[in-house]
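Residue-level listing of the chains:
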Amino acid sequence: MSNAVRTVEGWHSQHMVFRIDFQKWAQWSDADKSAAKAELNAYLSELETENVAEKSSYAFYSVNGVKGDLLLWILQPTLESLYEWEIRFRKLKIAAVLEQTYSYTSVTELSSYLQSKMDSEEANKKLYPHIPKDRYLCFYTMSKKRDAGENWFMLSMMDRAKMMKSHGDLGRTYLDVLSEYTTGGCGLDAWEWGITLMGNDDVQFKKIVYDMRFEEVSARYGLFGEFYVGTIMDEALLEKTFS
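To start, this report covers the structure provided alongside it. (Residues numbered from 1 in each chain as written. Predicted model: local features only at pLDDT ≥ 70, side-chain atom pairs only at ≥ 80, totals over all residues. Heavy atoms only, no water.)

Core analysis: the biggest nonpolar cluster contains 25 residues, and Tyr-43, Leu-70, Leu-72, Phe-89, Ile-94 and Leu-98 have the highest contact counts within it. Secondary structure elements with two or more residues in this core: β1 (7-20), α2 (30-52), β2 (57-62), β3 (70-76) and α3 (79-90). The leading source of residues in this core is α2, at five residues. Residues in contact with Ile-94, not counting those within four places in the same chain, are Trp-25, Trp-28, Ala-36, Leu-40 and Phe-242. Counting 17 residues, the second-largest nonpolar core is a separate cluster that includes Trp-11, Val-17, Tyr-102 and Ile-232. (Core = buried A, V, L, I, M, F, W, Y, C linked by side-chain atoms within 4.5 Å. Buried < 20%, exposed > 50% of the residue type's maximum accessible area, 1.4 Å probe, protein only. Helix = DSSP H or I, 4+ residues; strand = E, 2+ residues; numbered from the N terminus. Contact = heavy atoms within 4.5 Å.)

A few words on the pairing of β2. Buried residues dominate β2, accounting for six of its six residues. Burial along β2 is two-sided: Ser-57, Ala-59 and Tyr-61 facing one way and Tyr-58, Phe-60 and Ser-62 facing the other are all buried. As defined by bridge partners, β2 adjoins β3 across six bridges and the pair is classed as antiparallel. Bridging from a neighbouring strand, Phe-60 pairs with Leu-72 of β3. (Pairing = 2+ DSSP bridges.)

To continue, consider the side chain of Ser-218. Structurally, Ser-218 can be placed in helix α7 (residues 216-221). Classification of Ser-218 as buried rests on a relative accessible area of 8%. Residues contacting Ser-218, with those up to four places away along its chain left out, are His-167, Met-212, Arg-213 and Phe-224.

This is a description of form; function is not addressed.
Okay, structure coming up:
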């Protein structure tokens, strides 16, 4: 009998990070820059139309540090539609000055560790999210250890459920200041899960991640990838970035 926890999946997810070649951008004419920005805004407007209609969702943020400058997160019902939106972005004029530095393919996911109702309204909001327009975003990937003596997948369901309940109880203390979305990448990408945090106080990202470090599930079994943090790419920041 499988010891795997039951999961429910929703929309397919693609996080993409890009670096801007500002030297190349500076060589473009004002007319070409205007055309490229107008085309990008039209693309984002189409994503927003689908978002408002709750057919899909997305987020577009800056990235602090040397890991990139832009983060585009797209959520779509199928892997095929996810690919179509990704390819459309790559074909935009402005893509000529972008270098993709990272991507993560996954699917929104809920597990039955916490014995929550999988058909509840809260569950639907996690599986088919209407991504908020919060000021800040933090995205990172993680996996569970499979080391000798500390193999998460060899633990009993009861032991894993106990640790995940404690983990979830701590996370819920941040519900007033943060939104959290979990996407599963098992069989889809290198890391097992992607975590996207959103809120209007970036310091809360530090606080929740630090607090979680003391939870047994993270302290003993957590493996973490890079962290990407940035600010919502609204019209004003987009214009300033590509000025």
